Amino acid sequence: MNSKSQKIIINIEGRNYPNWKIDLKNKLKTLKSNNLEIDAKNIDLSCKEISEIIEIANQYNCEIICFCSSSPKTIVSSQSLGYKSQFIESSSKNTSEINKKNPTFSKTHFHQGTVRSGEYLESPGDLLILGDVNPGANVSAEGNIIIWGRLLGIAHAGSKGNSKAKISALQLSPVQLRIAKKVARGPKEKPQFGLAEQAIIDSEEIIISPLETT
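Conventions we followed
Residues numbered from 1 in each chain as written. Predicted model: local features only at pLDDT ≥ 70, side-chain atom pairs only at ≥ 80, totals over all residues. Heavy atoms only, no water. Buried < 20%, exposed > 50% of the residue type's maximum accessible area, 1.4 Å probe, protein only. Helix = DSSP H or I, 4+ residues; strand = E, 2+ residues; numbered from the N terminus. Pairing = 2+ DSSP bridges. Axes fitted to C-alpha atoms, helices over the stretch in contact; angles between N-to-C directions. Contact = heavy atoms within 4.5 Å. Arc of directions from axis to C-beta.

**A word on the pairing of strand β7 (residues 127-130)**
Argument step 1. The side-chain alternation of β7 yields two buried faces, one formed by Leu-127 and Ile-129 and the other by Leu-128 and Leu-130.
Argument step 2. Direction of pairing for strand β5 (residues 109-112) relative to β7: parallel, over a ladder of four bridges. Across the sheet, the residue bridging to Gln-112 is Leu-130, located in β7.
Argument step 3. Judged from the three bridges that link them, β7 and strand β9 (residues 145-151) form a sheet pairing that is parallel. Note on β9: the bridge partner recorded for Leu-127 is Ile-145.

Shown next, in the form of structure tokens:
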């Protein structure tokens, strides 16, 4: 088999962050394959940072075929840019470190597949859905709601009063949004294709904007 066609996994270690650019360039210099899988561990990467990784890989004539991470933000960001992504649960050691920074992580509920009309999902922490939320479906979380797909039903983040909670999705076209005690209807205009979005409370109102890239 041609070594250039073999897949190579490159880890972006947390201990090297934010110096991952230098670390990535050093690893790419010695590669014998053009097909890369980036394992971002538990690092939260924005769309902008993932675009930078892609640009660096292109400089070395390498193609990224997949992103792996235990960070929902990294998964949503990479998917919104059109890249294959794989969510990986953290090891017990890494999870312990993450929990110190984010107590709700240990209570994160993961759902694989579409949430259909009439179905209801609830989480005592964050809720990560790998699929669409159809019209007539209802999802709720005490923390953030991250949807790796389209939100077309009803979503309630910060259900116990957390006004800092967020709702993010590859497409936000809900029947209704709720964050803490604030309620809003879904936007009438169609979302921009390929642009992940988020809903947050700002100035006492729920606003929808492109997913943070900084």
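**Considerations on the sheet that holds strand β8 (residues 138-141)**
Argument step 1. Read from one edge of the open sheet, five strands run β6-β8-β10-β12-β13, paired in mixed fashion. Single-partner strands in this sheet number two, and they are β6 (120-123) and β13 (182-185). Along the sheet, successive strands turn relative to each other by an average axial angle of 10 degrees, direction set aside.
Argument step 2. With four bridges joining them, strand β12 (residues 176-179) and β13 adopt antiparallel strand pairing.

**Considering the sheet that holds strand β11 (residues 167-172)**
Argument step 1. The six strands lie next to each other as β5-β7-β9-β11-β14-β15, forming an open sheet whose pairing is mixed. Each of the sheet's edge strands pairs with one partner strand only, and the pair in question is β5 and β15 (205-210). On average, adjacent strands in this sheet sit at an angle of 25 degrees to one another, irrespective of strand direction.
Argument step 2. When β11 meets strand β14 (residues 197-202), the two strands line up antiparallel, connected through three bridges. Among the inter-strand pairings, Ser-168 is bridged to a residue of β14, identified as Gln-198.
Argument step 3. Along the sheet, helix α3 (residues 72-80) contacts β7, β9 and β11; its crossing angle with β9, the most-contacted strand, is approximately 20 degrees.

**Digging into helix α1 (residues 20-29)**
Argument step 1. Those residues of α1 not exposed but buried are Trp-20, Asp-23, Leu-24 and Leu-28. Down the axis of α1, the sector holding all buried residues measures 130 degrees, keeping them to one side. Turned more than 90 degrees away from the buried face of α1, the exposed residues are Ile-22 and Lys-29.
Argument step 2. As for α1, its buried residues are in contact with β1 (7-11), β2 (35-39) and α2 (47-59).

**Let's talk about α3**
Argument step 1. Burial within α3 is extensive, with seven of its nine residues counted as buried.
Argument step 2. Residues of α3 that are buried: Pro-72, Thr-74, Ile-75, Val-76, Ser-77, Ser-78 and Ser-80.
Argument step 3. Where the residues of α3 are buried, they touch α2, β3 (63-69), β4 (85-87), β7, β9 and β11.
Argument step 4. Looking at the residues trailing α3, positive phi occurs at Gly-82, about 90 degrees.

Purely geometric numbers; function is a separate question.
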